[in-house]
Structure formats: C-alpha cells, structure tokens
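Working through the structure, step by step
Listed below are the residues making up each chain.
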Amino acid sequence: MIEYTKESLINKLKEIKNQGWVANRRHGNSGGVGNTLEDLLGVEENNLPIPNAAEWELKTRSVKSSSLTTIFHMEPSPRAFRFVPKILLPNYGWKHEQAGSKYSENEMSFRQTIRGGAVTNRGFSFEIDKAEQKVVVKFNLDAIAPEHAEWKASILKRNVDKGLNPAPYWGFEDLGHKAGSKLNNCFYVVADEKKIGNRKHFWYKKIMMLKSFSVKKFIDTLDSGYVFIDFDARTGHNHGTKFRLKQEYLPCLYEEVKEF
C-alpha cells in the first residue's frame, strides 16, 4: 500500500482531477464513486495511510447524489426519561402501518423527521435556544394537518401535555462532543458523473481539505435546515434518533476549508 503525506495526497488528487473522466471501477456498486477513488489512490477502503491517519478521513460525493448521510445517533436529554420509547411513542405515537400483519394489533409507531424553520404535518419542530445552549423539540397541536385529524383526536383523548412538557432536548456541548468525535478532519472530493456507453464514469472535479469541526457552524447548519433530526421508533424497537446531513453542506461544519 502507498503511504501518503498530506501534501503528496493533495498532489495525487490533483493528478486524478486532471485525468478527467475515469470509469467506475466497481461496476454495479452504488458506492462506486468512493471505491473508484480509493482504487485510483491505491488505498484500502476507509483506510487513509497518512501520518496521524486517525484524525483524517477521505469522503467523496457525486454531484448527482441528493441523499442524506447519517453523521451520528444521539438520544435526547434528560436521558433518564428515555423520551422516545417512554414518552413520545406511547403519548404521541400512532398505529403502525403494519400493525396486525407483520406486528401485533397494538404496535405503535413514532417516525418524524424535523428540520430547522419547518413544522411537520404532525406538529413537531425544534427550536434553537441560544440562551440555554440547547436544541429543544416542540409540539404544536394546532399545526397538525387535516389528513391527521383522527390522530389529533386521539391525542386530545390521551392524558398528555399538549405542548410537550417536559420537552426533549440536546445540549450544544453534548452535540459538539458527539459530532466532533464523528466528523474528523477530511479530504472531501466531489465528482461529476455520466454514462459513457454502458458504464458510469466519474470526474473528480472538486478537492477540499476540511479542518477543525465547529460546534457553532454545526448549530447554524442545523438551524438553517441542512441537518435533519430523525426519530424512528415502534413499540417493539427504537431504531435510534439520527442526525443526518445534506452531503453538499459538509464543508459548512468546519472552521477551515481549502479548495485545490
């Protein structure tokens, strides 16, 4: 395996950029854009052989990809409340779409994706509380869309707080520690793609070096609606609360961005 310094890796990436269109080395593999670049660099998957490699990652994206990437899982505070399975699911959940078939008749679901500046059709959102340094989940009964009128009626019959009190939240500091441990410094390479004949080709046109994850920038990106919070629980299993990012906004999370 080739060993790189940061400088020699940048030079190799520039060389690959100057090659123009290169064929997908992993035909039929949805992750071909990253695997092809690793092959061109002569490195093993998810293993960047440079000094202090634990602090650096190689990340790639196709400009045609609009998918979200999960950056970490983190349950809301206070953790002792076990908010998702003990409060949100039983008090604000709804009948699972596969209740009575795959699951029991009583299987409940709580699946919501919330983002900055928006309220879901079930009335959920979040607020950035800068004074208290936390991200707080909100619920507005009046914001529930007409198609969920039956579920709204069931909420009114339940003996629960209609304003979600106490409210689940994530402290800025906790989010910073969690995100900072997952979002290492990285070389971020963006590729154009097209088919030539029957084979997908990539052109690695944009090379960036991203350094020093910023808690403030993360909170700003969350507030702007480019980081999503996903709840995904049912009676039998809590799949975990995920923070997911629109991939093209990854550079927004770092203090230092250099393009080559």
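Quick note: structure is the one above.
This text gives an overview of the structure that appears in the document. (Residues numbered from 1 in each chain as written. Predicted model: local features only at pLDDT ≥ 70, side-chain atom pairs only at ≥ 80, totals over all residues. Heavy atoms only, no water.)

**Considerations on the state of the cysteines**
Operational definition: Cysteine sulfur atoms that come within 2.5 Å of each other are treated as a disulfide pair. Partly exposed describes any residue whose relative accessible area lies between the buried limit of under 20% and the exposed limit of over 50%, with all areas from a 1.4 Å probe on protein chains only and scaled to the type maximum.
Applying the stated rule across the entire model yields 0 disulfides. Cys-186 carries a free sulfur, and the closest cysteine sulfur to it, the one in Cys-252, is 12 Å from it. Take Cys-186: its relative accessible area is 0%, and that puts it in the buried class.

**Here we look at unusual backbone geometry**
With the exception of glycine, the majority of residues adopt a negative phi angle, and the majority of peptide bonds are in the trans configuration. Stated precisely, the cut-off is as follows: For the purposes of this entry, the term helix denotes a DSSP run of H or I that reaches at least four residues, the term strand denotes a run of E that reaches at least two, and both are numbered from the N terminus.
Looking along the chain, the bond that leaves Ser-77 and enters Pro-78 is cis, with omega of -10°. Residue position: Pro-78 is located in the loop between strand 3 (68-73) and helix 3 (83-92). A cis amide bond links Asn-165 with the next residue in sequence, Pro-166, at an omega value of 5°. Looking at the secondary structure, you find Pro-166 in the loop between helix 4 (149-157) and strand 8 (169-171). Despite not being glycine, Arg-82 has its phi angle at roughly 50°, a positive value.

**Overview of the nonpolar core**
Defined as follows: Only buried residues count toward a nonpolar core, which is a set of Ala, Val, Leu, Ile, Met, Phe, Trp, Tyr and Cys residues joined through side-chain atoms within 4.5 Å. Note on contacts: a residue pair qualifies if any of its non-hydrogen atoms lie within 4.5 Å across the two residues.
Grouped together as the largest cluster of nonpolar side chains are 47 residues, with contacts concentrated most on Tyr-92, Val-135, Phe-218 and Phe-243. Examining the composition of this core, we find that 6 residues originate from one element, helix 3, more than from any other. In this structure Phe-218 touches Ile-71, Phe-72, Leu-175, Phe-213, Val-227, Phe-243 and Leu-253, once residues within four positions along its chain are discounted. Val-43, Val-189, Phe-202 and Tyr-204 belong to the second largest nonpolar core, which has 21 residues in total.

**Let's talk about the sheet that holds strand 7 (residues 134-139)**
Where we set the bar: Any two strands are treated as partners once DSSP identifies two or more bridges connecting them. Every angle, taken between N-to-C directions, lies between 0 and 180 degrees, and every axis is a line fitted to C-alpha atoms, over only the stretch in contact when it is a helix.
One open sheet accounts for 3 strands, arranged 6-7-8; its pairing is antiparallel. Either end of the sheet is taken by a strand with one partner, and the two such strands are strand 6 (124-129) and strand 8. Strand after strand, the sheet turns through a mean of 20° between neighbouring axes, direction not considered. When strand 7 meets strand 8, the two strands line up antiparallel, connected through 3 bridges. For Lys-134, the partnering residue across the bridge sits in strand 8 and is Gly-171.

**Considering the packing of aromatic side chains**
Cut-off, in case you're wondering: Geometry of aromatic contacts follows a simple scheme: Phe, Tyr and Trp rings, the Trp one being its six-membered ring, pair when their centres are within 6.5 Å, and the pair is stacked under 30 degrees between planes, edge-to-face over 60, tilted otherwise. Two limits define a charge over a ring: the Lys NZ or Arg CZ must be within 6 Å of the ring centre, and within 35 degrees of the ring normal.
Counted according to the given criterion, the structure contains 19 aromatic pairs. Judged by centre distance (5.1 Å) and plane angle (65°), the rings of Tyr-92 and Phe-139 are edge-to-face. Residue Tyr-92 is found in helix 3, and its partner Phe-139 is found in strand 7; the two are separated by 47 residues along the sequence. Each member of the pair, Tyr-92 as well as Phe-139, carries the same accessibility label: buried. Through pairs of rings, three or more aromatic residues link up here, namely Phe-72, Tyr-92, Trp-94, Phe-110, Phe-124, Phe-139, Trp-151, Trp-170, Phe-213, Phe-218, Phe-231 and Phe-243. Across the ring face of Trp-94, the terminal group of Arg-122 is positioned such that the distance to the ring centre comes to 3.6 Å.

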